[in-house]
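# Inside the fold
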Amino acid sequence: MQGLLNRVFRVERGEWPKLLQFGLFGLLLQTGMGIGFAAGDAAFLTHVGPDKLPVIFLLTPAVMLIYTAIFSFLLVRFSIDHVVDVTLAALIGGGAILWGLIQVGLPEPYETGLYYVLKLYLAMWYIALYSLFWNFTDAYFDIQDAKRLFPLFSAFCALGSAIGALIVSLLASVLPMHAFLLVWAAVAFATAPVALLLRRRWQRIADSDTDLDGDSKSVLSQLGQVGRAFRTSPYAVTLVLTLFVTLLMTNLAEYQYSTVLQAGRNEAQLATLFGRLYAGASIFNLIVCLFVFNRLVTRIGVRNVALVLPLTYFAVFGYFFLAGGTMAALAAFFAYHGVLTSIEYNNQNLLFNATPSQVKRPFRTVVEGLCEPLASLLAGGFLLLAAKNSDMRELSGIGVLLGATLIAVVAALRHYYPAAMEANMRRGWLNFGDSDLHAPQFDEAAADLLREKAAEADSGAAQAARSLLHRRGARPARDALAAQASDATEAFAAKLSDPSPSVRKYALQALASVVGPGDIALVAPLVQNLPLTDRASRATILELLGAIGDVEAIPQILGAAARLSPRELRATETMLAGLGDAAIPRLMQVLSNYQASYRARAVAARALSTLSHAQFVSQLERLVTEELDETGRRLGVAERFAAEGRRSPALRLLADAYRQRIGESVDFTLELLALGGRLPDFDLLIVSLHSANPKVRGNAVEAIASGVGHATWERLDPLVNRRAAGEAAAGDLVDLLKAAVESGHGFEAAAAAQALRDLLPPAELAAALRRGLTSDMAPIFRDSFTNLLGLDAEPRPTAVDLVEAIRGVSDLANASIDAQVALAERATPTPAARGPVELKLEGRSFWITRADVDEVAARYADLALTMLKARDDRSYAA
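Residues numbered from 1 in each chain as written. Predicted model: local features only at pLDDT ≥ 70, side-chain atom pairs only at ≥ 80, totals over all residues. Heavy atoms only, no water.

Right, let's get into the overall build of the protein. Within the protein one finds 39 helices and two strands. For the protein, with 878 residues in total, the buried portion stands at 54%. Long-range pairs, those at least 24 residues apart, make up 76% of the contacts in the protein with a sequence separation of at least 6. As presented, the protein carries roughly 37,400 Å² of accessible surface, and 59% of it is formed by carbon and sulfur atoms. (Helix = DSSP H or I, 4+ residues; strand = E, 2+ residues; numbered from the N terminus. Buried < 20%, exposed > 50% of the residue type's maximum accessible area, 1.4 Å probe, protein only. Contact = heavy atoms within 4.5 Å. Areas by Shrake-Rupley, 256 points an atom, 1.4 Å probe, with all protein chains shown as cover.)

With that settled, consider helix H35 (residues 779-788). Most of H35 is tucked away: seven of the 10 residues are buried. Taken together, the buried positions of H35 are Ile-780, Phe-781, Ser-784, Phe-785, Thr-786, Asn-787 and Leu-788. Buried residues along H35 sit against helix H32 (733-741), helix H33 (746-759), helix H34 (762-770), helix H36 (799-806) and helix H37 (817-825). Count one or two residues on from H35 and you reach Gly-790, which has phi positive near 75°.

For the coordinates displayed, the defined rule picks out 26 aromatic pairs. Between Phe-133 and Trp-134 the ring centres are 4.8 Å apart and the planes differ by 75°, which places this aromatic pair in the edge-to-face class. The exposure classification of Phe-133 matches that of Trp-134, with both residues buried. An aromatic cluster of at least three residues, connected via ring pairs, comprises Phe-22, Phe-25, Tyr-130, Phe-133, Trp-134, Phe-136, Tyr-140, Phe-141, Phe-150, Phe-153 and Tyr-345. Positioned above the aromatic ring of Phe-321 is the side chain of Arg-393, whose terminal nitrogen or guanidinium carbon lies 4.0 Å from the ring centre. (Phe/Tyr/Trp six-rings, centres within 6.5 Å; stacked < 30°, edge-to-face > 60°. Lys NZ or Arg CZ within 6 Å of the ring centre and 35° of its normal.)

With that out of the way, let us pick up the pattern of salt bridges. For the structure shown, the criterion picks out 29 salt bridges. In this structure, the salt-bridge partner of Arg-570 is Glu-573, at a minimum N-O distance of 3.4 Å. Of the two residues, Arg-570 and Glu-573 both sit in helix H24 (residues 566-577), three residues apart, roughly one turn of that helix. Notably, a salt bridge pairs Arg-601 with Glu-627, separated by 3.0 Å at the nearest N-O pair. One end of the pair, Arg-601, is in helix H26 (residues 598-611); the other, Glu-627, is in helix H27 (residues 613-643), with 26 residues separating them in the sequence. The two residues Arg-601 and Glu-627 agree in class, both being buried. Residues joined by salt bridges that share partners form a network here, namely Arg-570, Glu-573, Arg-606, Glu-671 and Asp-683. (Salt bridge = Lys/Arg side-chain N within 4 Å of Asp/Glu carboxyl O.)

For the rest of this paragraph, the subject is a nonpolar patch on the surface. A cluster of nonpolar residues, Leu-166, Leu-170, Leu-171, Val-174 and Leu-175, forms a patch on the protein surface that exposes about 450 Å² of accessible area. By the element assignment, Leu-170 lies in helix H6 (residues 143-171). Using a relative accessible area of 65% as the deciding quantity, one classes Leu-170 as exposed. (Patch = residues over 30% accessible without salt bridge, like charges linked within 9 Å, V, L, I, M, F, W, Y side chains within 5 Å.)

For helix H30 (residues 694-707), built from 14 residues, the straight-helix expectation of 20 Å at 1.5 Å per residue is met to within 8% by its first-to-last C-alpha distance of 20 Å. Inspection of H30 places Lys-695, Val-696, Arg-697, Gly-698, Asn-699, Ala-700, Val-701, Glu-702, Ala-703, Ile-704, Ala-705 and Ser-706 among the buried residues, and these make up the whole buried set. With a side-chain oxygen positioned 2.8 Å from the backbone nitrogen of Lys-695, the residue opening H30 is Asn-693. (Expected span 1.5 Å × (residues − 1). Polar contact = N/O pair within 3.5 Å; in protein donor to acceptor, adjacent residues only side chain to side chain.)

The two faces of strand S1 (residues 837-841) differ: Val-837, Leu-839 and Leu-841 on one face are buried, but Glu-838 and Lys-840 on the other face are not. Hairpin connection of S1 to strand S2 (residues 844-848): two residues between the antiparallel strands, including Gly-843 at a positive phi of 80°. (Pairing = 2+ DSSP bridges.)

Moving on, we get to the state of the cysteines. Under the criterion given, the structure shown has zero disulfides. Cysteine Cys-157 is unpaired, with the sulfur of Cys-289 as its nearest cysteine sulfur at 8.2 Å. Looking at Cys-157, the relative accessible area reads 11%, which means it is buried. (Disulfide = S-S within 2.5 Å.)

Two numbers describe a pair of packed helices, the interaxial angle and the distance between the axes. Direction vectors running N to C along H6 and helix H13 (residues 326-351) enclose 155°, while the axes themselves pass 10 Å from each other. Comparing the axis directions of H6 and H13 gives the class roughly antiparallel. The element H6 and its partner H13 pack so that their crossing is right-handed. For the pair formed by H6 and H13, the contact residues are Ile-143, Ala-146, Lys-147, Phe-150, Pro-151 and Ser-154 on the first element and Asn-346, Asn-349 and Leu-350 on the second. In terms of residue class, the contact of H6 with H13 is made up of five nonpolar, three polar and one charged. (Axes fitted to C-alpha atoms, helices over the stretch in contact; angles between N-to-C directions. Parallel < 35°, antiparallel > 145°, perpendicular 65-115°, else oblique. Left-handed = near helix turned anticlockwise from the far one by under 90°. Nonpolar A, V, L, I, M, F, W, Y, C, P; charged D, E, K, R; others polar.)

One can find Leu-247 in helix H9 (residues 234-262). You can call Leu-247 buried: its relative accessible area is 11%. Sequence separation between Leu-247 and Leu-374 is 127 residues; the distance between their C-alpha atoms is 9.1 Å.

A few words on the environment of Ala-524. Relative to the elements of secondary structure, Ala-524 occurs in helix H21 (residues 523-529). With a relative accessible area of 54%, Ala-524 lands in the exposed category.

Turning next to the packing of helix H28 (residues 649-675) against helix H29 (residues 682-689). Axis separation between H28 and H29 bottoms out at 9 Å; the angle between their running directions is 145°. Considering only the axes of H28 and H29, their crossing is right-handed. Taking contact as the criterion, the partners of Asp-667, Leu-670, Glu-671 and Ala-674 in H28 are, on H29, Phe-682, Leu-685, Ile-686 and Leu-689. Broken down by class, the residue content of the contact of H28 with H29 amounts to six nonpolar, no polar and two charged.

Okay, the side chain of His-745 next. Position of His-745 relative to the elements: it lies in the loop between H32 and H33. Ignoring anything within four residues of it in the chain, the contact list for His-745 reads Tyr-594, Gln-595, Arg-634 and Arg-661.

Right, let's get into the confidence of the model for the protein. Looking at the protein, the pLDDT average stands at 81 and 87% of residues meet or exceed 70. Long-range and interchain partners of residues 471-486, a stretch whose pLDDT sits below 50, account for 37 contacts in this model, where long-range means more than four residues apart. (pLDDT = per-residue confidence, 0-100.)

What follows concerns the pairing of S2. Judged from the five bridges that link them, S1 and S2 form a sheet pairing that is antiparallel. When the bridges of S2 are listed, Leu-841 appears paired with Arg-844.

A word on the environment of Ser-706. Following the sequence through the fold, Ser-706 ends up in helix H30. You can call Ser-706 buried: its relative accessible area is 15%. In the structure, Ser-706 is positioned 408 residues away from Thr-298 in sequence and 9.7 Å away in space, judged by C-alpha atoms. With residues up to four places along the chain from it excluded, the contact list for Ser-706 reads Arg-303 and Tyr-417.

Encoded structure:
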């Protein structure tokens, strides 16, 4: 039963307690608001009349200016929790005081003035309670949870409004209208313990990775930042303009339906009518919030849902203009209290998420506290001056024009929304990138002299000359290099196979001054040495490969480059792009090869985008679709391996390897979309997506959802949001493992082979593993296969055994499997230096030097972050 409810209401497992508790808080707040509005509106319209509504519109800004100043001060000076306490106390005290004053029966004109105060009291709390609830609730949910759960909270609020309106409708003939103020105060008193429970039970989420509790700012400082947000953010300005025009139309709609519905009814009849209308609107809102809004916003996105209310208002005022009467008034009522409440207000909660994160709460408070009152001021001033000289049809014509204006403003809002989400991700993100380094430039005479010195016997001067020639940008043109090729090239090339690292390094430095486009025979030994040498030598090899310019070697170069550092991968990308259009076919070959590593494919994608962006974009849709379809099939297989993990330790590691590859596939797909212009800057997006802060990660997911088409998002959604795959893959486990062995993915094949060893009879093992043993397999995995097949004279630990041991070291446990495999390759049976890392296996130990750990961490950022996180327990650490 619970599973059915989870699917219907899109609630994740374990979320119901939090959902129900926050829902109860909203229900109680809106129950009181529903009681106050239904009774208060009837009392005001009966004792004062709808013709005085423009006066209320004019006075509301003054009241809200005072309230907003107090609310903003409390929000910045203390916290949203204290503001909740103060608000509930004000509701209790204010309701009791107003009831007492009306009960006394003041003489005229004081009694009429008291009803003005009552209406202003309702207008203030209508805005204030809405802002309070969503500011409070927003602190506990990220935007992805908000898209699923906020409509449900709105449903609770709508149910509360319906309950409040029904209470008034049922008791209107028994209780005087002002007595309902005491009922409202009693509901506020019952709300206080619920608010206290929420604060004690649930933890708030910071708005960004740098949003620390101790980083408090003064009221003036935050108001200054709000002002800067208006100056620097087109989205913020457009959002405010959207709210302003919406509220102008709302006030106009309220005036028109109130004028039509009040005619010919006394206080009790009007209270009963409004009670029924509010109840009906609340039931409509309940249905929309529970079953419609979250599906609507998922299907068409936050930006497009913003068009629903403008189109509705445009249609309603058009109806008023063409027909008028009671039906038009009812349509205006439901546009205001139905569509505005159930769709627009829910969507505004999501739209506010794209405002500058560091001032989101004070920004929202100022906007909601002043924007609506200023709209009321403008609408009230207009109606006070023009209503007496204009009929309903003329006012409706103005509403039609405002509706067209609102549609245009929302179209601009849609345009600015993705950029605003990107800007929010960027805030708090620190860029540690190195500044560009410029190598010295030499004239031809200087270059000739350096080449002459570099060709001499090894000496300090020769080494310095080679170093200068080796630097990026310092080498002469390729044709000049070709002319300098000599027999020395072959002599130095032979030394690349020498077991001594110093000899290989010397050979590379020597080759830097003489290699040219004709030295294709050097490509294979250079590629072989690329991942095995030190940092300086790797840079030299990349420059040598660029000088040779053999485009046919691109797949081999990218295969080796996949084990380099991020900075070296960028250098590889630059080198490949420098090969020109001839490199495009081989880059496409690697990019489309699902068997290649994602690091290699990402470099190919960036290089191809640089060489021919039009050709890259033409293949983008196919690449993304094929990638997601292939990855989607792996979800069920990963679940099956995880479910069968008790049968073999290797199965658990295999399941983790599959899940990590799925994550890499998502990152790769996002990079493709970013290169194609569909998404914001990839580096920023991926940092935000992998943030430990739910709000930062939620902003990244929202940027993805709003930037790709619905078909692409349907494939990405379960992968990005880390949802369970549902049903595990069916079929025989052994067949799935055999397919993994034959997949060609190194560690996955080795782990599947080891699982087969644990599951199959020894006589069947050789036939099952033989297909997975290929000539281009990395040595660590080839050795694992030969070990499992019993071909080694002295059994050694497999790659799976070593990775399992590495996971037993706390500093290294949470690194990616690729990084752990790189560490395993460097493990030795005896300690090779002081203070090595011990890997404990059954009956023996292996060792990794600290220098090797640092070297691998320089190549795999996830390992460096894992080591940092192991020493940093702060909640916002990456």
